[in-house]
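Chain by chain, the residues:
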Amino acid sequence: MKRIYIYSTLCFLLTYLKVDAQQTEQGTGERDALKIEAATNGDKQDTKRSLAECIQLAIKANPTLLQNELAVKRAEVNLSQAKSNRLPSLNGNLEQKLNSGRSIDNTTNQFITRNNSTGYFGLETNIPVFNGFRILNDIRMKADAKNAGKLEFDSQVNALKLDVITAYIQVLTAQDVLKQSEMQTEVTREQVRRAEAMQKEGAINPGDYYDLKGQLANDINMIESNKQILYTNRVKLAGFLNVDEAQLGDLQALELKADAQKMDPTTLYKLATENLPNIPALDWKIKAAEKNIKIAQSSYWPSLSLNGGLNSNYSKNGMEGDYWYQMRNNIGKYVSLNLSIPIFNRFKVRNDVKLAKLDLESSKFQRGIALNNLRAETANAVFNLKNASNTITQLQEQNTNFAESFRIAKVVFELGNSNSVIFLTAKTKYDNSQIQLVVKQYEWLLQKYINDYYAGSLNL
């Protein structure tokens, strides 16, 4: 799998960390750390689109995947044609000509100088007898190419699944961040209402009062920004499914389960080589390249073919009789055996063989490169999953500590023994820790799917 799936998602998730770090102040209020909710029950759940449904719809309707499927159909047609090349060819010719001036009568082979009308028909066949086993090796090569094409298409299906999973998680992340910002805004709004009442009574520092009002405006702007991010990611997911964003509907939440396969990089790499279709596809490409060498070498051999034909002609000024009479009486037949012996062809065959051998070497290098990349990708997948799990543990402890720090700062601030700077600083740390925890949980979930993909257990 390409690294872009990991990098694009991590960059998207870390965007929220950067956005929240840039907020100088945020609203107040106590909230527990936001968790990834389990899928809801009841009638409401039936109206939500699940991840499995999104993947199945993408496989059926994604235009890029449907276009790639045409390559498989082309390979099937090419194989069918290679098999049909063993059959004789049969072609017919029909000609009607008007001559003016001096011409040759096609029935007498004599020159005539008057206007004439002539006709001709022919029927010929060609049967390949021997061509250096070119047709046989071409059939075998096309069969190998067909198998490689099917496996490549399976690999493209898996890549699309990862695209949908990534986009689906991005949408859920955006939804949760939007909910978080809405809760923050509501808490800030309550604090502003409280501060307005105190401002009328002169019981609050004017600087604290305006700090809270500025924070409320900032939170409202953040809601709009998060709505834009959510809409953008919904459009992206809808694009993979080939539907409008409005038709996407609500998405089912993903359940966070600590059931990820824990294995070492060597084991995951071995499973990936056994389960991913792109590696066997490269093996079939190597076999096809080997057959292509034999096809090129077949031109060293003589070729033998059997030919036969049937023809007749007509001339208005030729022999007596009408058109059909002359055609019936002028019928000619022939059978021939043609042998073509290659002697010198400007080294074309030799160079074609060299190029075919280079193609084989290139196919082998491609397989080695793919295995090398796969080894690095599986090692990163194992590390990233473990790292995300450890980070979640640390973030949970951090969130607990910041929650208590914020609780204390809130009590002190409401008693009038602190100022808005200290209060909002504690609030910012607490809110950022919540966002970090949500982001890392979704990152862990993505890494879990990636590990399942390499292990061949991505059952979606």
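Residues numbered from 1 in each chain as written. Predicted model: local features only at pLDDT ≥ 70, side-chain atom pairs only at ≥ 80, totals over all residues. Heavy atoms only, no water.

Asker: Teacher, can you tell me more about helix α12 (residues 420–455) here?
Answerer: Owing to its 3.6 residues per turn, the α-helix aligns residues three or four sequence positions apart on the same side. Here α12 contains 36 residues, and its C-alpha end-to-end distance of 52 Å stays within 8% of the 52 Å for a straight helix at 1.5 Å per residue. The buried fraction of α12 is high, at 31 of 36 residues. Its side-chain oxygen at 3.1 Å from the backbone nitrogen of V421, N419 defines the N-terminal cap of α12. One or two steps after α12, the chain reaches G456, where phi turns positive at roughly 80 degrees. (Helix = DSSP H or I, 4+ residues; strand = E, 2+ residues; numbered from the N terminus. Expected span 1.5 Å × (residues − 1). Buried < 20%, exposed > 50% of the residue type's maximum accessible area, 1.4 Å probe, protein only. Polar contact = N/O pair within 3.5 Å; in protein donor to acceptor, adjacent residues only side chain to side chain.)

Asker: Honestly, the sheet that holds strand β1 (residues 89–99) in this entry has me stumped. Any pointers?
Answerer: Hydrogen bonds along the backbone pair up the strands of a sheet, which may run parallel or antiparallel. Strand order in the open sheet formed by four strands is β1-β4-β5-β6, and the pairing between neighbours is antiparallel. Of all strands in the sheet, those with a lone pairing partner are β1 and β6 (332–340), marking the two edges. Here the strands of the sheet are splayed against their neighbours by 20 degrees on average, with no regard to which way each runs. Note: strand β5 (residues 303–315) against β6, nine bridges, orientation antiparallel. Looking at the pairing, L306 lines up with L337 of β6. (Pairing = 2+ DSSP bridges. Axes fitted to C-alpha atoms, helices over the stretch in contact; angles between N-to-C directions.)

Asker: Looking at this structure, I do not really get the side chain of N451. What am I missing?
Answerer: Following the sequence through the fold, N451 ends up in helix α12. Discounting residues that sit within four places of it in the chain, N451 has contacts with L268, A381, V382 and L385. (Contact = heavy atoms within 4.5 Å.)

Asker: Can you walk me through the side chain of N226 in this structure?
Answerer: Tracing the chain through its elements places N226 in helix α6 (residues 206–241). Looking at N226, the relative accessible area reads 2%, which means it is buried. Within the structure, N226 has its side chain in polar contact with the side chain of S181 (distance 3.2 Å).

Asker: Looking at this structure, I do not really get the pattern of salt bridges. What am I missing?
Answerer: When charged atoms on two side chains of opposite charge get close, those side chains can pair. Under the criterion given, the structure shown has 14 salt bridges. One salt bridge connects D138 with K142, and the closest N-O pair in it is separated by 3.3 Å. In this pair, D138 and K142 both sit in helix α5 (residues 134–201), four residues apart, roughly one turn of the helix. Accessibility assignment for this pair places D138 and K142 in one class, buried. Residue E186 is joined to R193 by a salt bridge in which the shortest nitrogen-to-oxygen separation is 3.7 Å. With relative accessibility at 38%, the residue R193 sits in the partly exposed group. (Salt bridge = Lys/Arg side-chain N within 4 Å of Asp/Glu carboxyl O.)

Asker: Would you take a moment to explain the confidence of the model for the protein chain for this structure?
Answerer: A low pLDDT score tells you not to read the predicted coordinates there in detail. Per-residue confidence for the protein chain gives a mean pLDDT of 85; residues scoring 70 or more make up 89%. Below pLDDT 50 for its whole length, residues 1–45 participates in 120 contacts with residues either more than four positions away or in separate chains. (pLDDT = per-residue confidence, 0-100.)

Asker: What's the story with the packing of helix α3 (residues 51–61) against α5 in this structure? I'm lost.
Answerer: Between two packed helices, what matters for the description is the angle formed by their axes and the separation of those axes. At their nearest, the axes of α3 and α5 sit 10 Å apart, and the two run at 135 degrees to each other. Comparing their axes, α5 and α3 come out oblique. Between α3 and α5 the crossing geometry is right-handed. Mapping the contact onto sequence places L51, C54, I55, A58 and I59 in α3 and V157, L160, K161, V164, I165 and Y168 in α5. Split into classes, the residues belonging to the contact of α3 with α5 amount to 10 nonpolar, no polar and one charged. (Parallel < 35°, antiparallel > 145°, perpendicular 65-115°, else oblique. Left-handed = near helix turned anticlockwise from the far one by under 90°. Nonpolar A, V, L, I, M, F, W, Y, C, P; charged D, E, K, R; others polar.)

Asker: Help me understand the packing of aromatic side chains in this model?
Answerer: The description of an aromatic ring pair rests on the distance of the ring centres and on the angle between the ring planes. Per the counting criterion, the structure on display carries 10 aromatic pairs. Each residue in the set F406, F413, F423 and Y430 is aromatic and connected to the rest through ring pairs, giving one cluster. For the cation-ring pair, K448 lies above Y449, with the distance from its terminal atom to the ring centre recorded as 5.4 Å. (Phe/Tyr/Trp six-rings, centres within 6.5 Å; stacked < 30°, edge-to-face > 60°. Lys NZ or Arg CZ within 6 Å of the ring centre and 35° of its normal.)

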